[in-house]
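Results of the structural survey
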Amino acid sequence: VFAILLRACTRDAQRAAVLEDMEARGVKPDVVVYSMRLRACRKEQERARLLGEMRARGIPLNASIIETLLEAERSPDLEGVWNTMNRAGVFPSSKTLSSMFAALPNWREPRPGAQAALLRRVLAAASRKNVVGRVVTAGIGAILRVLPARERPGALRALVERARPGTVVSEQHLPSEALAAAVGGWGKPEDAARAFLERAGLQVR
């Protein structure tokens, strides 16, 4: 009930009133409530304080919290979020992977090479448990935009091979020309891109 009330709040004062009511009734906030509070945060310091409060209360991080951190600000600290997730032992969900892949090409890396290094770490976490169609599409886009040309063919093959056979990939959102240039093939770019994915057992629609 309190999570629903927090979701409906549009102002900080309203959220504070709900939290005060929870405390007065002896209701301890759970991971859903903290997810709502993190989503409402406007400052990194406040998010850090809430994460510390969660740890103090023994509330473990989960995929929902990680996704909230990725969505909480327009330019999240991708490396910090990924490190927090790893330290907490949280397995990345499909949504987390696709969010990371989508955000990485536009991430302002804190030092040269950080963008490509983080992408390699995210790719290493991809498996048949979390690679679905949207992850394949977002991952292909990130690889083509972030990694050096010499690394792209191997990274692309590794990604599609980790998808379950029969995984459906949207042709509409596929960067066919750039993909074909990276992996080679005959004929039109869209035909070469389709052939590359179908050889890995994926379906293109």
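Note that the structure is predicted; figures quoted are calculated from it, not measured.

Parameters and conventions
Residues numbered from 1 in each chain as written. Predicted model: local features only at pLDDT ≥ 70, side-chain atom pairs only at ≥ 80, totals over all residues. Heavy atoms only, no water. Helix = DSSP H or I, 4+ residues; strand = E, 2+ residues; numbered from the N terminus. Buried < 20%, exposed > 50% of the residue type's maximum accessible area, 1.4 Å probe, protein only. Contact = heavy atoms within 4.5 Å. Areas by Shrake-Rupley, 256 points an atom, 1.4 Å probe, with all protein chains shown as cover. Expected span 1.5 Å × (residues − 1). Arc of directions from axis to C-beta. Salt bridge = Lys/Arg side-chain N within 4 Å of Asp/Glu carboxyl O. Axes fitted to C-alpha atoms, helices over the stretch in contact; angles between N-to-C directions. Parallel < 35°, antiparallel > 145°, perpendicular 65-115°, else oblique. Nonpolar A, V, L, I, M, F, W, Y, C, P; charged D, E, K, R; others polar. Core = buried A, V, L, I, M, F, W, Y, C linked by side-chain atoms within 4.5 Å.

What the protein contains, in helices and strands, is 12 helices and 2 strands. Expressed as a percentage of its 205 residues, the buried residues of the protein come to 44%. Residue pairs in contact within the protein that sit at least 24 positions apart in sequence constitute 63% of those at least 6 positions apart. Accessible surface, the protein as shown: approximately 11300 Å² in total, 51% of it carbon and sulfur.

What follows concerns helix α9 (residues 133-146). Counting along an α-helix, one turn takes 3.6 residues, and residues three or four places apart therefore face a common direction. Here α9 spans 20 Å end to end across 14 residues, near enough to the 20 Å set by a 1.5 Å rise per residue. With 12 of 14 residues buried, α9 lies mostly within the body of the structure. Here α9 has its buried residues at Gly 133, Val 135, Val 136, Thr 137, Ala 138, Gly 139, Ile 140, Gly 141, Ala 142, Ile 143, Leu 144 and Val 146. Contact partners of the buried residues in α9: α7 (94-103), α8 (114-124), α10 (152-161), β1 (168-169), α11 (176-183) and α12 (189-199).

Among the residues making up α10, those that are buried are Ala 155, Leu 156, Leu 159 and Val 160. Looking straight down α10, one finds that the buried residues subtend no more than 125° of arc, so they occupy a single side. At its buried positions, α10 is contacted by α8, α9, α11 and α12.

Below, the discussion takes up the pattern of salt bridges. Scanning all chains against the criterion turns up 6 salt bridges. The shortest N-O distance in the salt bridge between Glu 171 and Arg 194 comes to 3.0 Å. Linking Glu 171 in the loop between β1 and α11 with Arg 194 in helix α12, this pair joins segments that are 23 residues apart in sequence. With a relative accessible area of 24%, Arg 194 lands in the partly exposed category. One network of salt bridges, in which partners are shared, links Arg 49, Glu 53 and Arg 57.

Turning next to the packing of helix α5 (residues 63-71) against helix α6 (residues 78-87). Interaxial distance between α5 and α6 falls to 10 Å at its minimum, and their mutual angle equals 170°. As the angle between them shows, α5 and α6 are arranged roughly antiparallel. Contacts between α5 and α6 involve Ile 66, Leu 69 and Leu 70 from the first element and Leu 78, Val 81 and Met 85 from the second. Its residues assigned to classes, the contact of α5 with α6 shows 6 nonpolar, no polar and no charged.

For the rest of this paragraph, the subject is the nonpolar core. Grouped together as the largest cluster of nonpolar side chains are 54 residues, with contacts concentrated most on Phe 101, Leu 119, Ile 140 and Leu 197. Counting residues per element, this core draws most heavily on α9, which supplies 8 residues. Sequence-distant contacts of Leu 119, that is, excluding residues within four places in its chain, are made with Phe 101, Leu 104, Ala 142, Ile 143, Val 146 and Leu 147.

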